[in-house]
Amino acid sequence: MNPPTTPCDEPLFILASAQRCGSTLLQRLLNSRADTLIWGEHQGVLNGFASLHKDLMAWESRFAGNRKEFLMTGCDLFLPNMVPEDHELRSAAIAYVLNLFGVPAARLGKSRWGFKEVRYGADVLVFLKGLFPKARFIHLTRDPAACFRSMKHWELGEDDWDRAQTERSMWDWQRINCGLLEMREYIPRMMFVRFEDMVGDPAAFIERLAGFLGASPEEFDAGVFERRLDGNFGKPVADGRLDLTADEAAFLADPAIAGVAEQLGYPPGAAGRA
């Protein structure tokens, strides 16, 4: 184990648009870098925390007068909504995320830290950018038809995955991609990655990734591309292609999904092809 270090102030967050987009492959590649630890998915806990933090900041703004009156006059006032100042609330949120992910990585000797998640959209992106101005983000996506087919394999092989979850995940794909696309021009340190480009030319992708991170391509182990793993059990990827039925193709051809797919560079009709 490497000796403890200090977590850097430039974390890296992988915001994948849905299940089966290749986020675990990207995580493995990033973790092949000696000083890096990208944690895995965590049930999207920051969705709730980011929302609560936003509400608390609004509360502080609304009732800042309570605190000011207390400081000027003393305790003998009706001040039921007094909370710390906004910068202190922000510091508390930074400490929460840092202690959840950054400090444990540093204890393992990994100064570069971050996580990957398939449940975060624009709201959490804005939240994290507000806490860590130097953070880098990777917006990872995949052809929605390929995601759907891959989740069909899960439906056939995993007891706890069914069609309702597949469809819910695809609507997450639409929502997350739509939100992140809207944020592109406001987040200069965000790299857009399509799964197809990542696995189509690993060497070119590693070159591009290294440039984005200010690293050398030699710091990454390209060998992770030679063995893709499936699901939560480290199994080799299932062979065979499950074609889409007419109903499944129609689901993916919904304008809300197909329109976002086209913005991401997937040709018209690709999302709903049978």
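Residues numbered from 1 in each chain as written. Predicted model: local features only at pLDDT ≥ 70, side-chain atom pairs only at ≥ 80, totals over all residues. Heavy atoms only, no water.

Below, the discussion takes up the packing of helix 2 (residues 45-62) against helix 5 (residues 122-131). Look at helix 2 against helix 5: their axes get within 10 Å of each other, and the N-to-C directions meet at 65°. The handedness of the crossing between helix 2 and helix 5 is left-handed. In contact with Leu 46, Asn 47, Phe 49, Ala 50 and His 53 of helix 2, helix 5 contributes Val 124, Phe 127 and Leu 128. (Axes fitted to C-alpha atoms, helices over the stretch in contact; angles between N-to-C directions. Helix = DSSP H or I, 4+ residues; strand = E, 2+ residues; numbered from the N terminus. Left-handed = near helix turned anticlockwise from the far one by under 90°. Contact = heavy atoms within 4.5 Å.)

Right, let's get into the layout of surface pockets. Considered as a void within the structure, the second largest pocket measures approximately 370 Å³ in volume. Contributing to the lining of the second largest pocket are 17 residues, with Ala 50, Lys 54, Asp 123, Val 124 and Phe 127 lying nearest its centre. Secondary structure elements with two or more residues in the lining of the second largest pocket: helix 2, helix 5 and helix 7 (163-183). If you tally residues by element for the lining of the second largest pocket, the top one is helix 5, at 7 residues. Among the residues making up the lining of the second largest pocket, the classes are represented as 7 nonpolar, 6 polar and 4 charged. (1 Å grid on protein atoms, 1.4 Å probe; cavity = no way out; pocket = protein on both sides within 12 Å on 5 of 7 lines; lining within 4 Å. Points joined across faces, edges and corners; volume = space filled by probe spheres on them. Nonpolar A, V, L, I, M, F, W, Y, C, P; charged D, E, K, R; others polar.)

So, about the nonpolar core. Core analysis: the biggest nonpolar cluster contains 45 residues, and Leu 26, Trp 173 and Leu 209 have the highest contact counts within it. For this core, the leading source of residues is helix 9 (residues 202-213), giving 6 residues. (Core = buried A, V, L, I, M, F, W, Y, C linked by side-chain atoms within 4.5 Å. Buried < 20%, exposed > 50% of the residue type's maximum accessible area, 1.4 Å probe, protein only.)

Moving on, we get to the sheet that holds strand 4 (residues 136-141). Paired through backbone hydrogen bonds, the strands of a sheet run either parallel or antiparallel to each other. Taken together, the 5 strands give an open sheet; going across it, the order is 2-3-1-4-5, and neighbouring strands pair in parallel fashion. The open sheet has two free edges, formed respectively by strand 2 (36-39) and strand 5 (190-194), since each of these has just one partner strand. With direction set aside, neighbouring strand axes in the sheet form an average angle of 20°. Across 4 bridges, the pairing between strand 1 (residues 12-16) and strand 3 (residues 112-117) is parallel. Residue pairing for strand 3: Phe 13 is matched across the bridge by Phe 115. Seen against the sheet, helix 4 (residues 86-107) touches strand 2 and strand 3 and runs at an angle of roughly 125° to strand 3. Contacts between helix 5 and the sheet are confined to strand 1, strand 3, strand 4 and strand 5, with strand 4 contributing the most and set at about 165° to the helix. (Pairing = 2+ DSSP bridges.)

Now for empty space enclosed by the protein. Tallying each qualifying case throughout the model produces 1 cavity of 30 Å³ or more. If you add up the space inside the largest cavity, you get close to 110 Å³. Every residue lining the largest cavity is listed: Glu 10, Pro 11, Leu 12, Leu 30, Arg 33, Thr 36, Ile 38, Arg 112, Trp 113, Arg 136 and Leu 213. Of all the secondary structure elements, the ones that give two or more residues to the lining of the largest cavity are strand 2 and strand 3. Per-class residue counts for the lining of the largest cavity are 6 nonpolar, 1 polar and 4 charged.

Interpretation note: all reported values are geometric properties and have no functional meaning in isolation.
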